[in-house]
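Architecture at a glance
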Amino acid sequence: MLDSCRRAMSLFTLVLCIVVASALPTDHSRDAANRDFDSTTFMEKFGYLDNLAGRGQHDPQTTSMGIREFQRFNGLQETGRLDPATVQKMQSPRCGLPDLVRPSERAAQLRSDPETPLAFYAPGYKWRKNNIDYKIVGYTRQLGGSDQRRALRQAFSKWSGVTPLTFREVTSGTADIEINFVRGQHGDGPGNTFDGRGGTLAHAFFPGTQPISGDTHFDEDEQWTMRGETGSNLEIVAAHEFGHALGLGHSNVPTALMAPYYQGYDPNYQLHVDDKRGIQTLYGSGGGRSGGRRTRPTRPPVTARPRPRPRATPAPRGRHCDVKFDDIIVAHDGKTYAFRGSKIYRLTNRGVSRGFPRPRNRVFRGAPSSPGAVVYDRRLRKTFFFKGGRYWRFTAYRKDQGFPKRLPSAFRNPKAALQWRDGRIYLFKSSTYTAWTETLTRASSGYPRATTQFWRGLRPDIEAAFQYTDGETYFFKGNVYWKFDSYYGRVEAGYPKATSQAWLGCTPRIPK
Ligand code: RRS
Ligand code: CA
Ligand code: ZN
Ligand code: ZN
């Protein structure tokens, strides 16, 4: 499954769509007649079923489980059948748009607490270089060519202004980002068909999704404009799409450029602080327009440099420097939590947050101590704790009713849990891993698998795993960690490294 996901193009759109519940192109146009609706394609596209791409059929039990997952995600009754309410939801044009929950509350929090994590979501793709070229393969017939080139150049400059990225237009050969105006079905799969005027304005593909990596398509059926109230402003829409082409998902900050809705023409539109933090998490801040040509490497998850400490006090090694974790998650609110015994640590770019560690019960009341594994499911927006033969489910910080529940024997005693970028949850135990969902009663076919077979370069018996807000996947064992390069499908060079320095803000011990 993992391998096929890495290849299946439609799945990349799907991961974005599900994981951040975005408004990416959907094939369920508003007027699609019920009888024409292909629920299998829909469920494949949105990650509820493996993508068989028309080769073979899903067995009814698997299909039913996929339907249940969809129903749970959408708050429908979990019947496992394609009842009218379910079909209607699948066909809804708004399907996949995020819930803009309490946006004002979030904005206020962002202002008052600088540790408030990012609302943007980096799905785990990025360019492994800073100099990116683009090619305008086709233009809209509605505007002059030089106007369009200028609008696109200016849209790119929003991102190059705050990162070490540079963008260069090429007119021949291939390019990293190929731009085109197209209508209807246009060759990137029925799931990406444009829907005529209105609805979806444009879409773009993440980096690393060969062969259409970074490609950006505008719906030629829209009315494209350079300024003014009517129609859709090409530069603003392009700036949003290029955010995806650089690796950003949608933001739940409603006024961010990366929010999934077009917010109208604003001659002075700017990147929101959330867009800026998002892109800088992936590429670093660089020199930008004002800072010269200096390019900095991508900021590591936490500074790996020994940090200069204020005043002359000897560098404290900190009380938590020898800790190893049961597991780590980025929770529903974007905060990073590490679990150890009965304690919970909140991690920031500077190390452990003030006031932490705390008793886990003060944060996740009713969670087990010393969990074997913990994972936050970005798709279902639930946190799962695993311990021995049981698991606990949380919505935000509240335990769901009826938990803990029993785990089927195939899933007992996991030591780490990870949601990979295909949206699936994988449980790791001794030297194997297994895909898991709540509805499974036994391991899916082909599981368990040898950990090192897919996760090349890892120790087989890892103890903690998670995807950080930089979109990268990290594994932990003892007092070291590895970064997994999802592009090459193996651990990055230079690992393992000391957990305490990078994640806990500890300085190395200076021998006396
Ligand atoms: C996107 O995220 N691409 O990367 C798509 C996004 C987009 O097109 N969003 C739709 C939108 O804002 N459309 C405006 C016109 C239609 C208004 C009707 C209600 N409605 C790109 C933007 C952010 C630049 C979302 C949307 C709004 C939508 C829809 C989608 C009705 C389908 C049907
Ligand atoms: Ca459209
Ligand atoms: Zn397209
Ligand atoms: Zn978008």
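Just so you know, these numbers come straight off a predicted model, no measurement behind them.

**Regarding the coordination of the zinc ion (ligand 4)**
At the metal site, the zinc ion (ligand 4) is ligated by H240 (NE2), H244 (NE2) and H250 (NE2), and these contacts range over 2.0 to 2.1 Å. In the primary structure, the donors to the zinc ion (ligand 4) are separated according to the pattern H-x3-H-x5-H. Of this pair, H240 and H244 both sit in helix α8 (residues 234-245), separated by four residues, roughly a single helical turn. A relative accessible area of 11% places H240 in the buried class.

**Observations regarding the pattern of salt bridges**
Overall, the coordinates contain 18 salt bridges when judged by the stated rule. Notably, a salt bridge pairs R149 with E169, separated by 3.1 Å at the nearest N-O pair. With R149 in helix α7 (residues 145-160) and E169 in strand β2 (residues 166-169), this residue pair connects regions lying 20 residues apart in the sequence. You can call E169 partly exposed: its relative accessible area is 24%. Because the salt bridges share partners, they merge into one network encompassing K126, R128, E472, K483, D485 and E492.

**What about the nonpolar core?**
By size, the foremost hydrophobic cluster in this structure holds 52 residues, and its most contacted members are Y337, F364, F428, W455, F475 and W503. Counting residues in hydrophobic clusters, the runner-up holds 37 residues, among them F156, L165, F181 and A239.

**Examining the site of ligand 1**
The local shell around ligand 1 holds 16 residues, among which G199, L201, E241, H250 and Y262 are the closest. In this structure, an oxygen atom belonging to ligand 1 sits 2.7 Å away from a side-chain N or O atom of E241. One of the backbone nitrogen or oxygen atoms of P260 is found 3.0 Å away from a nitrogen atom of ligand 1. Relative to its unbound accessible area of 670 Å², ligand 1 is 78% covered by the protein chains. Among the elements that line the shell around ligand 1, the one with the most residues is α8, at four residues.

**What about helix α9 (residues 273-283)?**
In terms of burial, α9 is a largely internal element, eight of the 11 residues being buried. Every buried residue of α9 is listed here: D274, D275, G278, I279, Q280, T281, L282 and Y283. Of the residues one or two after α9, G284 is the one with positive phi, at around 80°.

**Looking at the packing of aromatic side chains**
Counted according to the given criterion, the structure contains 50 aromatic pairs. Seen in terms of ring centroids, F339 and F385 are 5.2 Å apart; in terms of plane orientation they differ by 85°. Their pairing is edge-to-face. Separated by 46 residues along the polypeptide, F339 in strand β9 (residues 336-340) and F385 in strand β14 (residues 382-387) bring together distant segments of the chain. For the pair F339 and F385, one class covers both residues: buried. On the numbers, 5.4 Å between centres and 65° between planes, the contact of F364 with F385 is edge-to-face. Highlighted residues: F364 in the loop between β12 (358-359) and β13 (373-377) and F385 in strand β14, separated in sequence by 21 residues. With respect to class, F364 is no different from F385; both count as buried. Through successive ring pairs, a cluster of aromatic residues spans W420, Y426, F428, Y433, Y447, F454, W455, F475 and F484. In this structure, K158 packs its charged tip against the face of Y269, placed 4.4 Å from the ring centre.

**Describing the coordination of the zinc ion (ligand 3)**
Taken together, H186 (NE2), D188 (OD), D188 (OD), H203 (NE2) and H217 (ND1) make up the full set of protein donors to the zinc ion (ligand 3), lying 2.0 to 2.8 Å away. Sequence positions of the residues that donate to the zinc ion (ligand 3) give the spacing H-x1-D-x14-H-x13-H. Remark: H217 occurs in strand β5 (residues 216-219) and H186 occurs in the loop between β3 (177-182) and β4 (202-204); sequence separation between them is 31 residues.

**Description of the pairing of β5**
Within a regular beta strand, the side chains point alternately toward one face of the sheet and then the other, so they alternate between its two faces. The alternating pattern of β5 places T216 and F218 on one face and H217 and D219 on the opposite face, and all of these are buried. The pairing of β3 with β5 spans four bridges and is parallel. Along β5, the bridge assignment pairs I179 with T216. By the bridge criterion, three bridges tie β4 to β5 in an arrangement that is antiparallel. Among the inter-strand pairings, H203 is bridged to a residue of β5, identified as H217.

**Some details on α7**
Its 16 residues place the ends of α7 22 Å apart at the C-alpha level, agreeing with the 22 Å of an ideal helix rising 1.5 Å per residue. Against the buried residues of α7 lie β1 (131-136), β2, β3, β5, α8 and α9.

**Structural notes on unusual backbone geometry**
Cis rather than trans, the peptide bond between F356 and P357 has omega equal to 5°. Examined against the element boundaries, P357 turns out to sit in the loop between β11 (351-352) and β12. The omega torsion across Y447 and P448 is -5°, close enough to zero to call that bond cis. Note that P448 resides in the loop between β20 (432-436) and β21 (449-450).

Conventions used here
Starting afresh in each chain, residues are numbered from 1 along the sequence in its written order. Chains carry letters and ligands carry numbers; both start at the beginning, A for chains and 1 for ligands, and go up in the order they are written. The model is predicted, so local features are restricted to residues of pLDDT at least 70 and side-chain atom pairs to those at 80 or more, both for listing and for counting; the totals for chains, interfaces and linings are taken over all residues. Calculated side-chain values reflect all of the structure's heavy atoms, with hydrogen atoms and water omitted. Listed donor atoms are N, O and S within 2.8 Å of the metal (Na, K and Ca: 3.2 Å). As water is not included, a site may look incomplete. To qualify as a helix, a DSSP run of H or I must reach at least 4 residues; to qualify as a strand, a run of E must reach at least 2; elements of each kind are numbered from the N terminus. The buried label applies to any residue whose accessible area, calculated with a 1.4 Å probe on protein chains only, is under 20% of its type's maximum; exposed applies above 50%, and partly exposed to all values in between. For this document, the term salt bridge refers to a Lys or Arg side-chain nitrogen within 4 Å of an Asp or Glu carboxyl oxygen. Nonpolar core, defined: a set of buried Ala, Val, Leu, Ile, Met, Phe, Trp, Tyr and Cys residues in which side-chain atoms within 4.5 Å join the residues together. For this purpose, a residue is taken to be near a molecule or strand whenever a single non-hydrogen atom of the residue falls within 4 Å of it. Identification of polar contacts relies on pairs of N or O atoms within 3.5 Å, with a donor-acceptor requirement for protein atoms, meaning one able to donate a hydrogen and the other able to accept it, and with residues adjacent in sequence counted only if both atoms are side-chain atoms. Using a 1.4 Å probe, accessible areas were evaluated by the Shrake-Rupley method; residue-level cover was limited to the displayed protein chains. Paired rings are identified among Phe, Tyr and Trp, the last through its six-membered ring, by centres lying within 6.5 Å, and are further divided according to the angle between planes into stacked (under 30 degrees), edge-to-face (over 60) and tilted (the rest). In this scheme, the term charge over a ring applies when either NZ of a lysine or CZ of an arginine sits within 6 Å of the ring centre and within 35 degrees of the ring normal. Should DSSP find at least two bridges between two strands, the strands are regarded as paired. Expected helix span is given by 1.5 Å per residue-to-residue step, counting one fewer step than there are residues. Any two residues whose heavy atoms approach within 4.5 Å at even a single point are treated as in contact.

So yeah, pure geometry; function would need other evidence.
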